[in-house]
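Here is how the chains run, residue by residue.
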Amino acid sequence: MKKRSNWNLTGRLLKLVKPLLAAEITAIVMGVAGFVSATFLTIFGAWAILGLMGFPTPMVQKTMYTWIIIFAVCRGFLGYAEQYCNHYIAFHLLALLRDKVFTSLRRLCPAKLEGKDKGDLIGIITSDIEMVELFYAHTISPVSIAFIMSVIMTVFIGSFHPLAGVIAAAGYITVGVLLPWYITKMGGTKGMEFRKRMGALNGYILDSL
């Protein structure tokens, strides 16, 4: 199986989202709003506790309690809305991909299933297309949300002290960029090796049948 560039594959998968761009943007907006609600729920809760202890707070207790309730309710609604949009996109695109694959197979079968790549074909029809669901439902919007939230929180933390903002940004970059890149490098070609062995196993089962 020919190995393609990760960036090339990602770009081709992203192009399929274009007809559903409005739903993708909605998912990102809902996700950012949900994480803002979850984050500031704890911040306002901490402020409320400090206020009860006699420390100065940015606003009166009653206002903070009101915002805590609003954030708690919005967090549940916005989280559901984000996941609904993500899976709406994923299942529509999975249906499109399956249609394309089976349309091609109808032109090639049954002769194609006699070739040496028949195990890989079975893998494409079954597990590969299912794995694409993870990309559309659990990768595009979460990565976008993580980037936007990192910017928001860096600015918020930096509003207390610039150095704190720089430290926060360094932490976000380390956790969100450097560690995933390092883990990917450590994995090397293991994913492709696993995929090839799974294709060989599928081919063996077909031959046995």
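To keep things clear, this report deals only with the structure shown in the data block. This structure is a prediction, so every number in the text was calculated from the model and none was measured.

### Comments concerning the overall build of the chain
Reasoning step 1: A tally of helices and strands in the chain yields 7 helices and 0 strands.
Reasoning step 2: Ordering the α and β elements of the chain from the N terminus gives α-α-α-α-α-α-α.
Reasoning step 3: Relative to its 209 residues, the chain shows a buried fraction of 27%.
Reasoning step 4: Partitioning the contacts of the chain with sequence separation of at least 6, the portion at a separation of at least 24 is 74%.
Reasoning step 5: Total accessible area on the chain stands at roughly 14000 Å², and carbon and sulfur atoms take up 72% of it.

### Examining the side chain of Ser141
Reasoning step 1: Following the sequence through the fold, Ser141 ends up in helix 5 (residues 140–158).
Reasoning step 2: Relative accessible area serves as the criterion here: at 0%, Ser141 is assigned to the buried category.
Reasoning step 3: Among the polar contacts listed, one links the side chain of Ser141 to the side chain of Asn86, at a separation of 2.9 Å.
Reasoning step 4: The contact partners of Ser141, leaving out residues within four places of it in the chain, are Glu24, Ala27, Ile28, Glu82 and Asn86.

### Thoughts on a nonpolar patch on the surface
Reasoning step 1: A contiguous nonpolar patch, built from Val175, Leu179, Trp181, Tyr182, Ile183 and Met186 and spanning about 700 Å² of accessible area, is present on the exposed surface.
Reasoning step 2: By the element assignment, Ile183 lies in helix 6 (residues 162–187).

### Remarks on the packing of aromatic side chains
Reasoning step 1: Going through the model one piece at a time under the given rule, you end up with 10 aromatic pairs.
Reasoning step 2: When the ring of Phe44 is compared with that of Trp67, the centres are 6.5 Å apart and the planes differ by 50°; the resulting orientation is tilted. In this pair, Phe44 sits in helix 2 (residues 21–52) while Trp67 sits in helix 3 (residues 61–108), placing the two residues 23 residues apart along the sequence.
Reasoning step 3: Ring pairs connect the aromatic residues Phe40, Phe44, Trp47, Trp67, Phe71, Phe156 and Phe160, which therefore count as one cluster.
Reasoning step 4: Directly above the ring of Phe35 sits Arg75, whose terminal nitrogen or CZ lies 4.9 Å from the centroid.

### Things to note about helix 5
Reasoning step 1: In this model, helix 5 (19 residues) spans 27 Å end to end at C-alpha, consistent with the 27 Å of a helix rising 1.5 Å per residue.
Reasoning step 2: Listing the buried residues of helix 5 in full gives Ile140, Ser141, Ile145, Met149, Met153 and Phe156. End-on view of helix 5: buried residues confined to an arc of 160°, all on one side of the axis. Pointing more than 90 degrees away from the buried face of helix 5 are the exposed residues Val143, Phe147 and Val155.

### Here's the deal with the environment of Leu78
Reasoning step 1: Mapped onto the fold, Leu78 is located in helix 3.
Reasoning step 2: Taking the C-alpha atoms as reference, Leu78 lies 9.1 Å from Ala27; in sequence the two are 51 residues apart.
Reasoning step 3: Not counting chain neighbours up to four residues away, the residues in contact with Leu78 comprise Met30, Ala33, Gly34 and Ser37.

### Some remarks on the side chain of Asn86
Reasoning step 1: Positionally, Asn86 belongs in helix 3.
Reasoning step 2: Once you skip the residues sitting within four places of it in the chain, Asn86 turns out to touch Glu24, Ala27, Tyr136, Ala137 and Ser141.

### Brief notes about the packing of helix 2 against helix 5
Reasoning step 1: For the pair helix 2 and helix 5, the least separation of the axes is 9 Å and the interaxial angle reads 40°. Between helix 2 and helix 5, the crossing angle belongs to the class labelled oblique. With respect to the hand of their crossing, helix 2 and helix 5 are arranged in right-handed fashion. Facing Glu24, Ala27, Ile28, Gly31, Val32, Phe35, Val36, Thr39, Phe40 and Ile43 of helix 2, the residues of helix 5 in contact are Ile140, Ser141, Ser144, Ile145, Ile148, Met149, Ile152, Met153 and Phe156.

### With respect to the packing of helix 5 against helix 6
Reasoning step 1: Packing of helix 5 against helix 6 leaves a shortest axis separation of 7 Å and a crossing angle of 155°. Classified by the angle their axes make, helix 5 and helix 6 are roughly antiparallel. In this structure, the crossing between helix 5 and helix 6 has a hand that is right-handed. Together, Ser150, Met153, Thr154, Ile157 and Gly158 of helix 5 and Pro162, Ala164, Gly165, Ala168, Ala169 and Tyr172 of helix 6 make up the contact between the two elements.

Thresholds applied
- Residues numbered from 1 in each chain as written.
- Predicted model: local features only at pLDDT ≥ 70, side-chain atom pairs only at ≥ 80, totals over all residues.
- Heavy atoms only, no water.
- Helix = DSSP H or I, 4+ residues; strand = E, 2+ residues; numbered from the N terminus.
- Buried < 20%, exposed > 50% of the residue type's maximum accessible area, 1.4 Å probe, protein only.
- Contact = heavy atoms within 4.5 Å.
- Areas by Shrake-Rupley, 256 points an atom, 1.4 Å probe, with all protein chains shown as cover.
- Polar contact = N/O pair within 3.5 Å; in protein donor to acceptor, adjacent residues only side chain to side chain.
- Patch = residues over 30% accessible without salt bridge, like charges linked within 9 Å, V, L, I, M, F, W, Y side chains within 5 Å.
- Salt bridge = Lys/Arg side-chain N within 4 Å of Asp/Glu carboxyl O.
- Phe/Tyr/Trp six-rings, centres within 6.5 Å; stacked < 30°, edge-to-face > 60°.
- Lys NZ or Arg CZ within 6 Å of the ring centre and 35° of its normal.
- Expected span 1.5 Å × (residues − 1).
- Arc of directions from axis to C-beta.
- Axes fitted to C-alpha atoms, helices over the stretch in contact; angles between N-to-C directions.
- Parallel < 35°, antiparallel > 145°, perpendicular 65-115°, else oblique.
- Left-handed = near helix turned anticlockwise from the far one by under 90°.

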